[in-house]
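# Residue-level structure breakdown
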Amino acid sequence: MVVDAETPDPKTLIQVLDTAPEVRSYEVLQTNQQGVLLQIETAEHEPRVAARTTGMLPQYPMVLRNGWQTIETVTSWERLSNLKAEFEERDVSFEILSISQSVEVTDLLTARQWEVLTEAITRGYYDTPRGCSLTELADALEVNPSAVSGVLHRAEEQIIKSFAAEAKQIDSPNSLD
């Protein structure tokens, strides 16, 4: 496995690896001021067995910081639930820091909302100063201004709510409360 160990003292970490019985071999791939990137072969241990049992595939490099190994993965809710159960059964200490659901931007809006939004952007409606007015945009789309306003408002609502939900998850759990 590839591990990005964040440490101000890579030499001490390497000394620990030299004496750790579960480490079969390791190779230092890179060192810098933030830490060391390692390729490590270890004996089977409970977290890896549990992850493999549930079909979880971690993304590499894994991060080692302050004695905690951070693993990112893309998986289903069912597999995540199974991993939690496996960890609990094997008495593996763990903490889930965040869960996010990716949403394709194109899935946020209807085809009509995309059409109107694209036209608005192309004509400079969102530029400062504006390249066209709502009335001019409506004329270009051959509809009345209130229809364009409604479509844009609903599209903007979806985009802003999605952005805010993502920002809340990343920045602070209470930032939008």
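Since this is a predicted model, take the numbers as computed values, not measurements.

## Section: the environment of Cys132
Turning to its location among the elements, Cys132 is positioned in the loop between α5 (111-122) and α6 (134-141). Spatially, the C-alpha atom of Cys132 lies 9.8 Å from that of Thr122, the residues being 10 residues apart in sequence. Aside from chain neighbours lying at most four places away, what touches Cys132 is Arg123, Gly124, Tyr125 and Leu137.

## Thoughts on the pairing of strand β3 (residues 35-42)
If a strand is regular, its side chains alternate between the two faces of the sheet. Across five bridges, the pairing between strand β1 (residues 2-6) and β3 is antiparallel. Across the sheet, the residue bridging to Ala5 is Val36, located in β3. Two elements, strand β2 (residues 23-32) and β3, share eight bridges in a ladder whose sense is antiparallel. Along β3, the bridge assignment pairs Glu27 with Gln39. Counted along the chain from β2 to the antiparallel partner β3, the turn is two residues long.

## Focus: unusual backbone geometry
Where the residue is not glycine, phi is negative for most of them; where a peptide bond is considered, it is trans in most cases. Here the residue pair Thr128 and Pro129 is connected by a cis peptide bond, since its omega of -5° sits within 30 degrees of zero. Residue placement: Pro129 occurs in the loop between α5 and α6. Even without glycine at this site, Asp91 takes up a positive phi of about 60°. On the secondary structure map, Asp91 appears in the loop between α3 (77-89) and α4 (105-108). For Asp91, a relative accessible area of 71% corresponds to the exposed category.

## Comments concerning the confidence of the model for the protein chain
Averaged over every residue, the pLDDT of the protein chain is 82; the share at 70 or more is 89%. α4 is the least confidently modelled element of the protein chain, averaging 68 in pLDDT, while α6 averages 96, the highest of any element. The model gives residues 170-177 a pLDDT under 50, and that stretch makes six contacts with residues more than four places away or in other chains.

## Considering the nonpolar core
Counting 13 residues, the largest nonpolar core has Val116, Ala120, Tyr125, Leu137, Leu141, Val148 and Leu152 as its most contacted members. When contributions to this core are tallied by element, the ones reaching two or more residues are α5, α6 and α7 (145-171). Per-element accounting of this core gives the leading share, four residues, to α7. When sequence neighbours within four positions are dropped, the list of residues in contact with Val148 reads Val116, Leu134, Leu137, Ala138, Leu141 and Val143. Counting 11 residues, the second largest nonpolar core, distinct from the first, contains Val23, Val36, Ile40 and Met62.

The rules behind the values
- Residues numbered from 1 in each chain as written.
- Predicted model: local features only at pLDDT ≥ 70, side-chain atom pairs only at ≥ 80, totals over all residues.
- Heavy atoms only, no water.
- Helix = DSSP H or I, 4+ residues; strand = E, 2+ residues; numbered from the N terminus.
- Contact = heavy atoms within 4.5 Å.
- Pairing = 2+ DSSP bridges.
- Buried < 20%, exposed > 50% of the residue type's maximum accessible area, 1.4 Å probe, protein only.
- pLDDT = per-residue confidence, 0-100.
- Core = buried A, V, L, I, M, F, W, Y, C linked by side-chain atoms within 4.5 Å.

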